[in-house]
Amino acid sequence: MSRSVLLVAERSGDHLARPSREAAGLARRLADGGTVHGLLLGGDLDGPAAELARCGVDSVLRAEDPELLPLRALPWATVVREAAARPAAGVILLADTIFGREVAGALAALWDASVATGAIEVRPAEGDRIVVRRPVLGGRAFQELLLDGPRILLTVRPGAFPAPEPAATAAPVAPFPVAPIPAPLRAGRSAGFTGDPAPAAGPDLGSARIVVSGGRGLRSAGEFRLIEDLARELGAAVGASRAVTDAGWRPASDQVGQTGRRVTPELYVAVGISGAIQHLAGMIGSRVIVAINSDPGAPIFKSADYGIVGDLFAIVPAITAELRRERGA
Ligand SMILES: Cc1cc2nc3c(=O)[nH]c(=O)nc-3n(C[C@H](O)[C@H](O)[C@H](O)COP(=O)(O)OP(=O)(O)OC[C@H]3O[C@@H](n4cnc5c(N)ncnc54)[C@H](O)[C@@H]3O)c2cc1C
């Protein structure tokens with residue numbers, strides 16, 4: 001059944017954020033011959049709009065207004081609801097980022113929709129229904145949800161869907177006029193962060209295609225350079241277990257797991273990590289998991305696609321050196 005899909009895209013600097021690019025690929029499939037409109041909100045949108053226009057959408061709408069900066073969920077949700085009415089969308093897609101989830105929460109009430117967050121699989125069912133699969137209970141189980149139309153709102157996990165190759169021709173880009181946002185919806189601003197929200201060097205952990213994570217097996221903050229070296233060779237983001245962030249070897253923002261970041265890269269390399277359920281909760285949705293651990297009984301091997309049993313202090317530098325050699329460095 002063909003549908004009209006509205007994709008709410010996010011930027012990453014001057015670019016379209018990778019999770020939004022992936023959501024665009026899913027939007028095209030879900031439309032099933034129907035239309036896909038991409039919506040960007042904020043200001044200074046030239047770069048992201050040009051990239052979104054080549055992601056298989058039929059048009060790109062630019063909602064530019066100072067009220068949409070800094071990011072606040074209710075003003076965004078208000079504008080998204082307006083855009084979803086012209087033309088009437090049956091599905092709204094957002095990437096399952098921290099902000100995407102916040103907007104989805106506000107929008108679910110404003111738009112009166114059936115909602116699923118954190119989708120890792122989406123398939124059409126009979127009529128205008130959609131089946132969504134998502135990890136629940138900290139990644140220990142999967143849930144299938146059957147969502148009914150006529151309005152369905154989905155957030156999709158970064159890394160769970162392939163990003164489309166850039167199209168040869170660009171879709172038209174048009175401004176989307178932002179009506180005045182009622183004062184109560186403009187109230188409430190982020191009062192700041194605690195912890196360490198500063199972005200790390202290299203790819204963003206939440207949307208990286210490859211993540212190399214280190215655990216207590218590294219023994220000290222200094223030895224974490226082995227993880228950084230391997231990550232650099234692979235173009236990967238660096239992650240860590242909670243044992244590592246609790247010890248202060250890495251900032252809290254690098255923690256992967258139930259009480260840290262949830263990542264779904266194409267490749268997750270777990271080095272010296274035992275594989276506690278709370279760690280698995282953050283990375284079990286990764287497409288391919290490689291574990292390096294000296295203990296053949298480590299639980300991580302039950303979840304790994306490939307396992308290397310051995311001393312990380314010998315294995316990791318050898319892999320890094322081999323990658324460097326291949327690169328001719
Ligand atoms: C409420 C709650 C929430 C939590 N949230 C999180 C979370 O979000 N993320 C998270 O990660 N944890 C979380 N935890 C902690 C979790 O239970 C584990 O304690 C933690 O993940 C262990 O980290 P680790 O695997 O690095 O350390 P360990 O469990 O100590 O494992 C170290 C591993 O390194 C291996 N190793 C040692 N030396 C070498 C070597 N030379 N070469 C190769 N391998 C070696 C060992 O065999 C071992 O398997 C949470 C716990 C609770 C109670």
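Because the structure is a prediction, the values reported are computed rather than measured. (Residues numbered from 1 in each chain as written. Predicted model: local features only at pLDDT ≥ 70, side-chain atom pairs only at ≥ 80, totals over all residues. Heavy atoms only, no water.)

(A) Geometry of the nonpolar core. Core analysis: the biggest nonpolar cluster contains 35 residues, and Leu30, Leu52, Leu93, Val122, Val132 and Leu154 have the highest contact counts within it. Per-element accounting of this core gives the leading share, six residues, to helix H1 (residues 18-31). What Leu93 contacts, discounting residues up to four positions off in sequence, is Val5, Leu6, Leu7, Val8, Ala23, Leu26, Ala27, Leu30, Leu154 and Val156. Counting residues in hydrophobic clusters, the runner-up holds 30 residues, among them Ala83, Ala89, Ile92 and Ala108. (Core = buried A, V, L, I, M, F, W, Y, C linked by side-chain atoms within 4.5 Å. Buried < 20%, exposed > 50% of the residue type's maximum accessible area, 1.4 Å probe, protein only. Helix = DSSP H or I, 4+ residues; strand = E, 2+ residues; numbered from the N terminus. Contact = heavy atoms within 4.5 Å.)

(B) Structural view of the side chain of Arg3. The residue Arg3 is located in the segment before strand S1 (5-9) in this model. Buried charge Arg3 goes without a salt bridge, the closest partner of opposite sign being Asp32 at 5.4 Å. Within polar-contact distance, the side chain of Arg3 engages the backbone oxygen of Arg129 at 3.3 Å. Apart from residues no more than four positions distant in its own chain, Arg3 is found in contact with Leu30, Ala31, Gly34, Thr35, Val91, Pro124, Gly127, Asp128, Arg129 and Ile130. (Lys, Arg positive; Asp, Glu negative; His and termini not counted. Salt bridge = Lys/Arg side-chain N within 4 Å of Asp/Glu carboxyl O. Polar contact = N/O pair within 3.5 Å; in protein donor to acceptor, adjacent residues only side chain to side chain.)

(C) Quick peek at the environment of Ile210. Within the fold, Ile210 resides in strand S13 (residues 210-214). Exposure remark for Ile210: the relative accessible area of 13% places this residue in the buried category. Here the alpha-carbon distance between Ile210 and Ala231, two residues 21 residues apart in the chain, equals 8.2 Å. In this view, Ile210 contacts Leu234, Ala236, Ala237, Pro265 and Leu267; residues no more than four positions away in its chain are not counted.

(D) Main features of the environment of Ile300. Along the chain, Ile300 falls in helix H9 (residues 300-303). C-alpha separation for the pair Ile300 and Pro158, spaced 142 residues apart in sequence, amounts to 22 Å.

(E) The arrangement of the pairing of strand S16 (residues 288-293) in detail. Taking burial as the measure, the six residues of S16 include five buried ones, the bulk of the element. In this sheet, S16 lies alongside strand S15 (residues 267-271) in parallel orientation, the contact comprising five bridges. The partner of Val269 across the bridge, within S16, is Val290. Between the parallel pair S15 and S16, the chain is carried across by helix H8 (residues 277-283), and the sense of this crossover is right-handed. (Pairing = 2+ DSSP bridges. Right-handed = clockwise from strand over helix to strand, strands pointing away.)

(F) Region of the structure containing the packing of helix H6 (residues 225-234) against helix H10 (residues 312-327). At their nearest, the axes of H6 and H10 sit 9 Å apart, and the two run at 30° to each other. Put simply, H6 runs roughly parallel to H10. Crossing of H6 over H10 shows left-handed handedness. Residue-level contacts link Leu226, Asp229, Leu230, Glu233 and Leu234 of H6 to Leu312, Phe313, Val316, Pro317, Ile319, Thr320, Leu323, Arg324 and Arg327 of H10. Per-class residue counts for the contact of H6 with H10 are nine nonpolar, one polar and four charged. (Axes fitted to C-alpha atoms, helices over the stretch in contact; angles between N-to-C directions. Parallel < 35°, antiparallel > 145°, perpendicular 65-115°, else oblique. Left-handed = near helix turned anticlockwise from the far one by under 90°. Nonpolar A, V, L, I, M, F, W, Y, C, P; charged D, E, K, R; others polar.)

(G) Expanded view of the pattern of salt bridges. This structure, assessed with the given rule, holds 23 salt bridges. The salt bridge involving Arg86 is made with Glu82; its shortest N-O contact spans 3.9 Å. It is possible to trace a salt-bridge network through shared partners that takes in Asp46, Arg62 and Glu64.

(H) Local environment of the site of the ligand. Neighbouring residues of the ligand: 26 residues in total, closest Ser241, Thr259, Ser274, Gln278 and Asn293. At 2.9 Å from a nitrogen atom of the ligand is found a side-chain nitrogen or oxygen belonging to Asp311. When residues of the shell around the ligand are traced back to their parent elements, those giving at least two are helix H7 (242-246), H8 and H10. Considering only residue class, the shell around the ligand consists of six nonpolar, 15 polar and five charged. (Near = heavy atom within 4 Å.)

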